[in-house]
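# Tertiary structure, described
Residues per chain are reported as follows:
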Amino acid sequence: MKTGPSLIQFVQQHRAHLAALAQAWLETGANTFGIYGEQGWLAVWPQAPSVTQPAVCAPLIINGETIAELWVIGIQQPGIQIRLQIDADTLLRMASLEADLERMTNELITSQDQLVALFTMSDSMRSRLRLDDALAALTRESSRALKAEAVCGYLVNDPPLVAQDPQPIYTPEHLRLFLEHVEQSGGRFILNAAEHGNVLPHQMQHALIEPILIREKLVGILVALRLEDPFGSHDTKLMRAVCDQAAAQFENVMLYQESLLRTRMQTEMQLAKDVQLHLLPQRLPSVSGLDVAAAALPALQVGGDFYDFIEQPGEPFIFTVGDVTGKGMPAAMLMAMIRTLMRSKARGLNRPSPVDVLGAVNDEMYDDFTEIGMFATAFVGQYDPRERVVYYANAGHSPVIYCPAGGSAQILEADGTAIGVLPVCNCENQVIPFQPGDVLVVGTDGFSEAHNAQGELFGNERLCALIESLADQPAQHMLNELYSVVAAFGAGHAQDDDQTVIILKGVRD
Amino acid sequence: MDVTTQAVNGAVIAKLNGRFDALEAPKLTSWIEKVTERTPHIVLNMDGVNFIDSTALSVLVKGMKRCRQLQGDLVICGLQKQVRVIFELTRLDKALNIYGDELQALQSLG
C-alpha cells in the first residue's frame, strides 16, 4: 500500500461519496468507518478510534495493486465483509468512470485546441497573397497545433521556398533531400534520435516529415520536430490535416498569382493593341479625284495586317496594304517594322515607283524574315491625279479587286512573291486607269478566307460579286457593307484572321 | 495532319495528309530541321492536304530557304486545286518548285 498524491487526491475527490457510505455504516450499527492507507487513516467517520479494535477490511485495488483499504469497526454481522467489498468495488468503478470522463474531457479539449490552432493557421495563411508569406504563416502557426518545438516548411519553386520556426534547423539542401526521400518512399516518414541522431540537430529527438500535395502532385514538405514526445498516430493524422489545409491555401495563392500574371499580360496586350492602332493612319487622306475609306479589324488583340497612306505635297498619293504571316505578337512586331520601312522608302526615294518601294523593303528585310521564318504579302499603289491612273506592284498580296465604272469586278492577281521569300523582289509595276466611278479594293485574306459554320469559304467570287453590287456607293458605305456581309456569312463563327481593307473610288474633282 | 516519310536516293519524301495550318506548322518545322541535318533534298507530297494557311506557307518558305542554303531544295508535288490556288494567289509558285507528282519532284532534285 502507498499513500502517494494520487491516493490523497482520490480521497479528496470521493470524500462526499465516502461520507455517504460512512453515514450508512454508522446508521447500521458501526461505530467507525474509514479509509486506511499505508500511513494510517486517510479519512475516518466520526473520528479515529483511540484504541485498536478489530475491523472488517476490504481492499481498494487499482491495476492489481492495493492502494488502500476500507475499514469498518464495531459491527459483527454475517455478510458485513461482502457488503464492504461491494462498497469498495463500487467506489473503484466510479473512480474509474470518472477518470475515463476526465481523460475524454482532456482529449476533447486538446482536439478543440488543435482545431482552433488549425483554424488560426488556415485563417492566417488565407490572407497571404504570396507563397513565401503563406509558407511562413504555415510554419509559424502550425507548431502549436502539432505541439512541436520547431517546424520547417519547404516548397518546390524557382528558387525553392523555405520557412522555419522559431529558428532555422535545416539547410534548404537538407530539406530538398527530405523531399526527395518523400518522393521516392511515396509518403511521410518519421525520424528519432536513437536511430537517426545524425539528421536531428539541436537535440531534437523526433521528426515527422509529411508531404504537401496539390492535386496529388508533391509540391513540398512540412517537418515537425519535438524534444520529447514521439509522434503517434494521432499526430500523423493531425499533420496530414495541417498539410492538406496548407496545400489548399497554397493552391489558392498560386491561382491568385496566375490570375495576376494573366491580368498583367492582358494589360500589356491591350497596350500593344493601342500602340498598333496608332500605327494605322489616324485620318483618311484627302486626295483630289479620290473617295477613300479604310479600316482594320484584328482577329486577336494584335495582328499582322497593316495599311498606310503617304501624302506629300506635289507627289503622287501612295497607299500600302500588307499582311505578315502568322498571328499575335511576333506578327505585330514585324508589321510595325515593315510599315515603318515602307513609309520611309516611299518618302525617301526620289519619286519611287511601287516596285522601287517593295524592292527596297525586300532588300532590307529579307535577312530578318529568313531568320524568323516568316514573310509578308504587300501591295503598294500610287495614284497620280493628273494622269488618273493607279500604278501598283503586288508582292503576293490578295485579294485586290478592281471594278471599272459600270464594268465587272475582277481580281488583280499578284505577279511577285511576298516580301522575305526571295532575296530579290520579282514584282513588276502595273497600271490601271482610274476614272470617276472606278473602284479599287485592296483587302487582306481575312475577308476571302472567312468561313461559315459549315467550313465554306467566303471566297473571291463572292467578294467580287459583292464589290460589283456596291460599286455605285460611296467608299465608306462599301466598306461598312463589306464588313457586315462577311460577318453575317461567318455568323456564330469567330473571326479567324485580321480583316483590313482600303477602298478607293474615283470621283470628279 | 499526319506525316509519313520515306528515304529515296539521298532525298527524303514526306507525305502530308489533312489540314496544314498554324496548329500543325511547328511539327513540320521541327521535322524539316531534323531532316536537313542529314540531307537538304526534300520532297513534300501534299496530295492529301486539303487546307493550308499562311503560317504553314511560311514553314514551306523557311524549309525551302534552308535547303537551298545547303545546296539542296525543298520541292512540292501533288497540290489539290484549292491548295494550288493559295500558292498562286501569294505567288509562292514563283519561289517554290512545284511538280505534278513524286517522280517528277524526285527527278528535279537529281
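Small disclaimer: the values here were computed from a predicted structure and weren't measured.

Our focus in this paragraph is the overall build of chain B. Tallying secondary structure elements over chain B gives 4 helices and 5 strands in all. When the helices and strands of chain B are listed from N to C terminus, the series reads β-β-α-β-α-β-α-β-α. Expressed as a percentage of the 110 residues in chain B, the buried residues total 53%. In chain B, the share of contacts with a sequence separation of at least 24, taken over all contacts with a separation of at least 6, comes to 68%. Accessible surface, chain B: about 5000 Å² in total, of which carbon and sulfur atoms supply 50%.

This part covers helix α3 (residues 81-89) of chain B. Looking only at α3 of chain B, the buried set comprises Val83, Ile86, Phe87 and Leu89 of chain B. Taken around the axis of α3 of chain B, the buried residues stretch over an arc of 170 degrees, which confines them to a single face. Its buried side turned inward, α3 of chain B meets α11 (459-470) of chain A together with β3 (41-52), α2 (54-69), β4 (73-77) and β5 (97-99) of chain B. Just downstream of α3 of chain B, arginine 91 of chain B is the residue with a positive phi angle, here 60 degrees.

Before going further, it helps to examine the pattern of salt bridges. All names here are of chain A. Throughout the structure, instances matching the rule amount to 25 salt bridges over all chains. The partner of arginine 386 in a salt bridge is aspartate 384, and the shortest N-O contact between them spans 3.5 Å. On the basis of relative accessibility, which here comes to 65%, the residue arginine 386 falls in the exposed class. Overlapping salt bridges bring together Arg188, Glu210, Arg240 and Asp244 as one network.

Right, let's talk about the side chain of threonine 55 of chain B for a bit. Within the secondary structure, threonine 55 of chain B is located in helix α2. Owing to a relative accessible area of 17%, threonine 55 of chain B belongs among the buried residues under this scheme. When neighbours within four sequence positions are excluded, threonine 55 of chain B is seen to be in contact with Gly326 of chain A together with Ala22 and Ala25 of chain B.

Residue and element names in this part refer to chain B. With 7 bridges joining them, strand β1 (residues 2-8) and strand β2 (residues 11-20) adopt antiparallel strand pairing. Its bridge partner being in β2, aspartate 2 is matched across the sheet by asparagine 17. Where β1 hands over to β2, the hairpin turn is made up of 2 residues, of which asparagine 9 adopts a positive phi near 45 degrees.

Before going further, it helps to spend a moment on the sheet that holds β5 of chain B. Residue and element names in this part refer to chain B. With mixed pairing, the 5 strands of this open sheet are ordered in space as β1-β2-β3-β4-β5. Bordering the open sheet on either side are β1 and β5, each of which pairs with just one other strand. Strand-to-strand twist across the sheet, computed as the mean angle between neighbouring axes with direction ignored, equals 25 degrees. Sheet topology places β4 next to β5; 3 bridges connect them, and they run parallel. Residue pairing in the sheet places cysteine 77 in a bridge with tyrosine 99 of β5. Strands in contact with helix α1 (residues 25-35) are β1, β2, β3 and β4; relative to β2, the strand with the most contacts, it is inclined by about 175 degrees. Strands β3, β4 and β5 of the sheet are contacted by α3, whose axis makes an angle of about 110 degrees with β3.

To continue, consider the confidence of the model for chain B. When pLDDT is averaged along chain B, the result is 91, and 100% of the positions lie at 70 or above. With pTM at 0.68, the complex prediction returns an ipTM value of 0.87.

Our next topic: the interface of chain A and chain B. Put simply, an interface is often sized by how much accessible area is lost when its parts join up. Taken together, the contact pairs 23 residues of chain A with 16 residues of chain B. When the buried area of chain A at its contact with chain B is split by residue, Gly373, Phe375 and Val421 of chain A rank highest and sum to 24% of it. In this structure, arginine 91 of chain B and glutamate 413 of chain A form a salt bridge, with 3.5 Å as the shortest nitrogen-oxygen distance. Element by element, the count of residues in the side of chain A that touches chain B is highest for helix α9 (residues 354-372) of chain A, at 3 residues. Of the residues assigned to the side of chain A that touches chain B, the class counts are 8 nonpolar, 12 polar and 3 charged.

We now examine the side chain of lysine 345 of chain A. Tracing the sequence through the fold places lysine 345 of chain A in helix α8 (residues 328-348). In this view, lysine 345 of chain A contacts Pro352, Val357, Ala360, Val361 and Glu364 of chain A; residues no more than four positions away in its chain are not counted.

Secondary-structure assignment places glycine 187 of chain A in the loop between α5 (172-185) and β7 (189-192). Spatially, the C-alpha atom of glycine 187 of chain A lies 6.4 Å from that of proline 211 of chain A, the residues being 24 residues apart in sequence.

All names here are of chain A. The geometry of α8 relative to α9 is characterised by a closest axis approach of 9 Å and an angle of 155 degrees between their N-to-C directions. One element, α8, and the other, α9, form an angle in the roughly antiparallel class. Of the two elements, α8 crosses α9, and the hand of that crossing is right-handed. Packed against α8, whose contacting residues are Leu334, Met337, Ile338, Leu341, Met342, Lys345 and Ala346, the element α9 presents Val357, Leu358, Ala360, Val361, Glu364, Met365, Asp368, Phe369 and Ile372 at the interface.

The full count for this structure, using the stated rule, is 14 aromatic pairs over all chains. Seen in terms of ring centroids, tyrosine 36 of chain A and tryptophan 71 of chain A are 4.0 Å apart; in terms of plane orientation they differ by 10 degrees. Their pairing is stacked. Taken together, the positions of tyrosine 36 of chain A in strand β1 (residues 32-37) and tryptophan 71 of chain A in strand β4 (residues 65-73) put the pair 35 residues apart, joining distant regions of the chain. A relative accessible area of 19% places tryptophan 71 of chain A in the buried class. For the ring pair phenylalanine 379 of chain A and tyrosine 392 of chain A, a centre distance of 5.3 Å and an interplane angle of 15 degrees mean the geometry is stacked. Of this pair, phenylalanine 379 of chain A sits in strand β13 (residues 376-384) while tyrosine 392 of chain A sits in strand β14 (residues 389-395), placing them 13 residues apart in sequence. With respect to burial, phenylalanine 379 of chain A and tyrosine 392 of chain A carry one shared label: buried. Members of the aromatic cluster, joined through ring pairs, are Tyr307, Phe309, Phe317, Phe319, Phe379 and Tyr392 of chain A. For arginine 83 of chain A, the ring lying beneath its charged end belongs to tryptophan 25 of chain A, and the centroid distance is 3.7 Å. Residue placement shows arginine 19 of chain B over the ring face of phenylalanine 51 of chain B; its charged tip is 4.1 Å from the ring centre.

Thresholds applied
- Residues numbered from 1 in each chain as written.
- Chains lettered and ligands numbered in written order.
- Predicted model: local features only at pLDDT ≥ 70, side-chain atom pairs only at ≥ 80, totals over all residues.
- Heavy atoms only, no water.
- Helix = DSSP H or I, 4+ residues; strand = E, 2+ residues; numbered from the N terminus.
- Buried < 20%, exposed > 50% of the residue type's maximum accessible area, 1.4 Å probe, protein only.
- Contact = heavy atoms within 4.5 Å.
- Areas by Shrake-Rupley, 256 points an atom, 1.4 Å probe, with all protein chains shown as cover.
- Arc of directions from axis to C-beta.
- Salt bridge = Lys/Arg side-chain N within 4 Å of Asp/Glu carboxyl O.
- Pairing = 2+ DSSP bridges.
- Axes fitted to C-alpha atoms, helices over the stretch in contact; angles between N-to-C directions.
- pLDDT = per-residue confidence, 0-100.
- Buried area = accessible area lost by both parts, 1.4 Å probe.
- Nonpolar A, V, L, I, M, F, W, Y, C, P; charged D, E, K, R; others polar.
- Parallel < 35°, antiparallel > 145°, perpendicular 65-115°, else oblique.
- Left-handed = near helix turned anticlockwise from the far one by under 90°.
- Phe/Tyr/Trp six-rings, centres within 6.5 Å; stacked < 30°, edge-to-face > 60°.
- Lys NZ or Arg CZ within 6 Å of the ring centre and 35° of its normal.

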